[in-house]
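Descriptive structure summary
The lines below spell out each chain.
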Amino acid sequence: MNHLELLSEVSLILGSSKPIDDQINKTLATIGLHTGVSRVYIFEDSVDGLTTTNTFEWCNVNIESQIEELSNIPYSTIPSWKNNLDKNRHFYYYDVSQSPEEVRNILEPQGIQSILIDALTIDNKVFGFIGYDECHANQEWTSDEKYLLKVISKLISSRFEREVLENEKRKITEVANRDQLTNAFSRHHLFEKLVVLYEEAIRHQKKITIAMIDIDFFKKINDTHGHLTGDFVLKEFARIIMDNIRTYDFLARYGGEEFLIVIPYTDLENAFALVNRILELVREKRFKFNNEYHQITFSCGIAHSDEVINENIKAELFSQKLIDLADSRLYLAKKTGRNQICTNG
């Protein structure tokens, strides 16, 4: 593989749809096999830039891994290393025995004879580095090879930068999809989720159950004790539900004191058991706010996809019919005494 082929291969790996960890590990292996060095690795700095940790590593045959031993290394112990990264973005020791003492003290116990380091940057700020160790002999790098490795470091930096941007985008989307008070999902995101589940239900005959929940006499809490107390109760109520549903269940705030739990792949009987367990927990809970205790109950209507679905119904209509059915049963639960769950009628 020549230099251009290596760059092309690295670009393809880093541009693939695989998770970033898989991409980086494969990239390091590709570089290692191409160069024949003993070890290729990446270190990432702490947020404050004071320490650095070995996060990725590839080792050649008969080369001992170091990644488990190289965590939270203080830059204060290797000031020349940090200075070279910040000022030059690159350094190379053909003979480690000729490097600064603090560098030798770290590298020689690992059996490293030659080392080349290129900085990794985001927005022109160093966040770590990629390194190439040679443990069998002093490694001579030509100017073309050094340039090649510098280009690779820029490709890897770009991949890390893209991951940061994608994480920020995910965070923004997550915030947009959440109710700010309770951290339950928003009503808008609820309907998006139901469309996806509807498609699964049609394609793979998956079941969907939903539970529409309304806190009993919640207006009285707001009117008597104020909206701050009401907000506290709502947050704690949502937390109890989220702590007691499965990872693939889904809580949304439907409006005011009304919540909806989406319970996929579950029949009415098991959905009832789940919601009833939550009801018992809520009944027993004493909500303390400003040295006052408050107790609540809720009413609930449960509906199952089999009751409304057919192959001709569109996703949006399916979602609304399922919610309307759960809502009508919620109304019946409230009308017949509250503090209960209705699964028919």
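Residues numbered from 1 in each chain as written. Predicted model: local features only at pLDDT ≥ 70, side-chain atom pairs only at ≥ 80, totals over all residues. Heavy atoms only, no water.

Examining the pattern of salt bridges
It is possible for side chains of opposite charge to pair when their charged atoms get near one another. This structure, assessed with the given rule, holds 17 salt bridges. Two residues, Glu57 and Arg39, come together in a salt bridge whose shortest N-O distance is 3.7 Å. In this pair, Glu57 is assigned in strand 2 (residues 51-59) and Arg39 in strand 1 (residues 39-45), connecting sequence segments 18 residues apart. For Arg39, a relative accessible area of 3% puts it in the buried group. With a shortest N-O distance of 3.0 Å, Arg239 and Asp243 are connected by a salt bridge. Taken together, the residues span about one helical turn, with Arg239 and Asp243 both in helix 8 (residues 227-243) at a distance of four residues. Classification of Asp243 as exposed rests on a relative accessible area of 52%. (Salt bridge = Lys/Arg side-chain N within 4 Å of Asp/Glu carboxyl O. Helix = DSSP H or I, 4+ residues; strand = E, 2+ residues; numbered from the N terminus. Buried < 20%, exposed > 50% of the residue type's maximum accessible area, 1.4 Å probe, protein only.)

Quick look at the packing of helix 2 (residues 20-35) against helix 5 (residues 143-176)
At a minimum axis distance of 11 Å, the contact between helix 2 and helix 5 shows a crossing angle of 175°. In terms of orientation, helix 2 lies roughly antiparallel with respect to helix 5. Contacts between helix 2 and helix 5 involve Ile20, Gln23, Ile24, Thr27, Ile31 and His34 from the former and Leu148, Leu149, Ile152, Ile156, Arg159, Phe160, Arg162 and Glu163 from the latter. (Axes fitted to C-alpha atoms, helices over the stretch in contact; angles between N-to-C directions. Parallel < 35°, antiparallel > 145°, perpendicular 65-115°, else oblique. Contact = heavy atoms within 4.5 Å.)

Some remarks on the sheet that holds strand 13 (residues 341-342)
A sheet is described by the order of its strands in space; here five strands give the open sequence 8-9-7-12-13, paired in mixed fashion. The open sheet has two edge strands with one neighbour each: strand 8 (250-255) and strand 13. Inspection of the sheet shows strand 12 (residues 298-304) paired to strand 13 by two bridges, in the parallel sense. Paired with Cys300 across the strands is Ile341, a residue of strand 13. Across the sheet, helix 9 (residues 268-284) lies against strand 7 (208-215), strand 9 (258-264), strand 12 and strand 13, angled at about 165° from strand 12, the strand it touches most. (Pairing = 2+ DSSP bridges.)

A look at helix 9
In this model, helix 9 (17 residues) spans 24 Å end to end at C-alpha, consistent with the 24 Å of a helix rising 1.5 Å per residue. If you check which residues of helix 9 are buried, you get Ala271, Leu274, Val275, Ile278, Leu279 and Val282. Take helix 9 and look down its axis: the buried residues cluster within an arc of 140°, on one side only. In helix 9, the exposed positions angled more than 90 degrees off the buried face are occupied by Glu269 and Glu284. Those residues of helix 9 hidden inside the fold are in contact with strand 7, helix 8, strand 9, strand 10 (287-289), strand 12 and strand 13. (Expected span 1.5 Å × (residues − 1). Arc of directions from axis to C-beta.)

Observations concerning the sheet that holds strand 4 (residues 90-93)
Strands sit in the order 3-2-1-6-5-4 across an open sheet of six strands; the sheet is antiparallel. A single partner strand is all that each edge strand has here, and the edge strands are strand 3 (73-74) and strand 4. Two elements, strand 2 and strand 3, share two bridges in a ladder whose sense is antiparallel. Among the inter-strand pairings, Thr52 is bridged to a residue of strand 3, identified as Ile73. Helix-sheet contacts for helix 3 (residues 79-88) involve strand 1, strand 4, strand 5 (114-122) and strand 6 (125-134), and the interaxial angle to strand 4 is about 135°.

Any link to function would need more than the numbers given here.
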